[in-house]
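Read off the chains here:
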Amino acid sequence: MTRQQTNRLAKIAISLVAALVVLPTVFVILYVVYNGIGVISWEFLFTAPRSGMREGGIWPALLGTVFLTFGTAIAAFPLAIATAIYLAEYAGDNRLTRWVRLAIVNLAGIPSIVYGLFGLGAFVLFLNLGTSIVAGSLTLGLMTLPVVISTAEEALLAVPQEFRTVSLSLGATRWQTIRHQVLPHALPGIITGIILGLGRAAGETAPILFTVAAFYLPELPRSIFDQTMALPYHLYVISTQVPGMPLSLQYGTALVLLLVVLSLTLVATVLRTRMRRRRQW
Amino acid sequence: MHMDPNVSPIIAIEHLSFTFPDNTVALKDVTVDIAPNQVFVVFGPSRSGKSTLLRVLNRLSDLSEGAQRQGRVFFNGRDIFSPAVDVTELRRRLSMVFAIPTPLPGSIFDNLAYGLRMAGIRDAQTIERRITRALEQAALWDEVKDRLQSSAFALSGGQKQRLCLARSLAMEPDVILLDNPTSGLDPLSTATVEDSLIELKSRYTIIMVPHSVQQAARVADRAAFLMGGELIEAGTGRQMFANPKDRRTEDYVVGRFG
């Protein structure tokens, strides 16, 4: 074989392998859609489960996941943004920042069940919040921090250094510079990171297991200190804990969960593309 | 190295040394006075400390964390490094125009109003008046008066640089620091910028790192020649470029090195 032929062959082989990666994704989605689409109806989406969850819909779980997603955003946003601003704008390279960075990297590596246990110990019991939407949101928020912090820091650092220098040279203070010349340009990137983090949080089961999720609770939560059902945990329950459960309901639930997560990712992607297009520099 | 003793200097630099965190010595024991309402040119080979000198004057050098500085700088008789000095106010008095024209994202108007707004000026009429005058002084008014709300990034290179000059002028500073303001400009735009500088010195003190020795000779009232962070000599423009005292200045001016 000549070098050119080897080259061509290598390119074909590598492209094929890369294409293979797409297959499982497409297969999983199609499989869930195929098996689940049949039960999707107004009633399925917007009524509570009945007859030991073997009939009826998923409304409390769907709404619970929406609440938890918002709660996660509220819990993670301020802390993540403040940390990212500190790391990108104020902190140099010193012992403290190295510890902060190390902590963030390790936070990302902690298994989600450990977050669940931590949430149980810290929020549910120690802070006495009980199994509640607050406790669950704080736990999920903690879990999404690393992703949000690192995307936010990246977004801040992507703002050209000259904008800061020019702003300071025009007599702006450090904070005015961040507020007017850095944050506005980094915000779309930061929001993208948050939505991606939320997409992950919305689909997690382990962190909400001990902190908020109810096995079966047809009433909707009345306050943030109530328990709630949530889609991932509901899916786990009806797939493993309920004998005689119709398969179509399980696939329908999986499909809705998938759509929630995918739509969050889609929003993030669209936002990022639009931001890149609108950027002037 | 001192100037006309009858005029008190607007800036007095005394034994100024500046070393970057990586131990690069940018300035070594520089002492020089700068008179008001003149074009003072700081020239020399690359890496001779010119830009650093400019950046020390409005304390943008504070941004290089871990840098070492010795010596003192007086602006209107006050030590600019004294803890009592408000750095933002200092930077409004000594306004910098950078080598690469850097508009901020936003409209032409936003760019010009930015420094004023950050200084707490809210009155729309004041802002408008100062912007109009700054644009006129920077010889940009006629070209942009009908599109103040369009993006500053849509301007040509020469216009962008005059916008940056106008942005500094809108602050109504005492001193304008120009770090090679014509580096990216074609000869025609360069001439426009140089002409506006000569107009401006009746109102402002201009300290400038020139693009070339030729430019230095064209605009300088007084000049200082730096090499390796040391001040080799300073004098009137005429003397420095026609009749330098130091051999090294002469070699550089006639183009034997550089």
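Every value quoted in this text rests on a predicted model; they were computed, and no experiment measured them.

Basis of the calculations
- Residues numbered from 1 in each chain as written.
- Chains lettered and ligands numbered in written order.
- Predicted model: local features only at pLDDT ≥ 70, side-chain atom pairs only at ≥ 80, totals over all residues.
- Heavy atoms only, no water.
- Phe/Tyr/Trp six-rings, centres within 6.5 Å; stacked < 30°, edge-to-face > 60°.
- Buried < 20%, exposed > 50% of the residue type's maximum accessible area, 1.4 Å probe, protein only.
- Lys NZ or Arg CZ within 6 Å of the ring centre and 35° of its normal.
- Contact = heavy atoms within 4.5 Å.
- Salt bridge = Lys/Arg side-chain N within 4 Å of Asp/Glu carboxyl O.
- Polar contact = N/O pair within 3.5 Å; in protein donor to acceptor, adjacent residues only side chain to side chain.
- Helix = DSSP H or I, 4+ residues; strand = E, 2+ residues; numbered from the N terminus.
- Nonpolar A, V, L, I, M, F, W, Y, C, P; charged D, E, K, R; others polar.
- Pairing = 2+ DSSP bridges.
- Core = buried A, V, L, I, M, F, W, Y, C linked by side-chain atoms within 4.5 Å.
- Patch = residues over 30% accessible without salt bridge, like charges linked within 9 Å, V, L, I, M, F, W, Y side chains within 5 Å.
- Areas by Shrake-Rupley, 256 points an atom, 1.4 Å probe, with all protein chains shown as cover.

J.: I'm lost on the packing of aromatic side chains in this one. Help?
T.: Two aromatic rings, taken as a pair, are described by how far apart their centres are and by the angle between their planes. Tallied over the full model, the rule gives 11 aromatic pairs over all chains. Aromatic side chains Phe118 of chain A and Phe123 of chain A sit 6.0 Å apart centroid to centroid with 85 degrees between the ring planes, which places their arrangement in the edge-to-face category. Judged by its relative accessible area of 12%, Phe123 of chain A falls in the buried class. Taking 5.3 Å as the distance between ring centres and 80 degrees as the angle between the ring planes, the aromatic pair formed by Phe18 of chain B and Phe20 of chain B counts as edge-to-face. A relative accessible area of 26% places Phe20 of chain B in the partly exposed class. Just above the ring of Phe81 of chain B sits the side chain of Arg69 of chain B; from NZ or CZ to the centre is 3.3 Å.

J.: Before we go on, may I ask you to explain the interface of chain A and chain B in this structure?
T.: A common way to report how large an interface is uses the accessible area buried once the components associate. Across the boundary between the two partners, chain A contributes 18 residues, which contact 21 residues of chain B. Across the chain A-chain B interface, the total number found is zero salt bridges. The tally of links between chain A and chain B comes to three residue pairs in polar contact (both at pLDDT 80 or more). At the level of secondary structure, the elements contributing two or more residues to the side of chain A that touches chain B comprise α7 (161–169) and α8 (174–203) of chain A. No other element matches the seven residues that α7 of chain A contributes to the side of chain A that touches chain B. Residue composition of the side of chain A that touches chain B, by class: six nonpolar, 11 polar and one charged.

J.: Sorry, what's going on with the pairing of strand β2 (residues 25–34) of chain B here?
T.: Sheet faces and side chains relate simply in a regular strand, where the side chains alternate between the two faces. Residues and elements named next belong to chain B. In this structure, strand β1 (residues 11–19) lies alongside β2, joined through six bridges in antiparallel fashion. Note on β2: the bridge partner recorded for Ile13 is Val32. The turn joining β1 and β2, which pair antiparallel and follow one another in sequence, is formed by five residues; a positive phi near 70 degrees is taken by Asn23.

J.: I keep staring at the environment of Ser169 of chain A and nothing clicks. Help me out?
T.: Here Ser169 of chain A shows up in helix α7. Judged by relative accessible area, Ser169 of chain A falls into the buried class, the value being 1%. The residues touching Ser169 of chain A, leaving out its near neighbours within four places in the chain, are Leu60, Arg91, Ser95, Met96 and Phe98 of chain B.

J.: Can you help me understand the pattern of salt bridges in this one?
T.: Side chains that differ in sign of charge can pair as their charged atoms come close. All names here are of chain A. In the structure shown here, the tally under the stated rule is 20 salt bridges over all chains. Between Glu43 and Arg50 there is a salt bridge whose closest N-O contact spans 2.8 Å. Look at Arg50 and you get partly exposed, because its relative accessible area is 37%. Its salt-bridge partner being Glu204, residue Arg200 comes within 3.5 Å of it at the nearest N-O pair. In this structure Arg200 comes out as partly exposed when scored by relative accessible area, which is 36%.

J.: It is not clear to me how the nonpolar core should be interpreted in this structure. Could you clarify?
T.: A general feature of soluble globular proteins is that nonpolar side chains tend to end up buried together. Judged by nonpolar contacts, the single largest core of 113 residues is most densely connected at Ile11, Ile13 and Ile207 of chain B. A per-element tally of this core places α8 of chain A first, with nine residues. Setting aside anything within four residues of it in sequence, one finds Ile207 of chain B in contact with Ile11, Ile34, Phe40, Val42, Leu54, Leu57, Val175, Ile176, Leu177 and Leu178 of chain B. Counting residues in each nonpolar core, the second largest holds 31 residues, with Phe44, Met53, Val212 and Ile238 of chain A among its members.

J.: Mind showing me how you'd approach a nonpolar patch on the surface here?
T.: Where nonpolar side chains cluster on the molecular surface, the patch consists of Ile110, Ile113, Val114 and Leu117 of chain A and spans about 300 Å² of accessible area. Tracing the sequence through the fold places Ile110 of chain A in the loop between α4 (95–109) and α5 (112–126).

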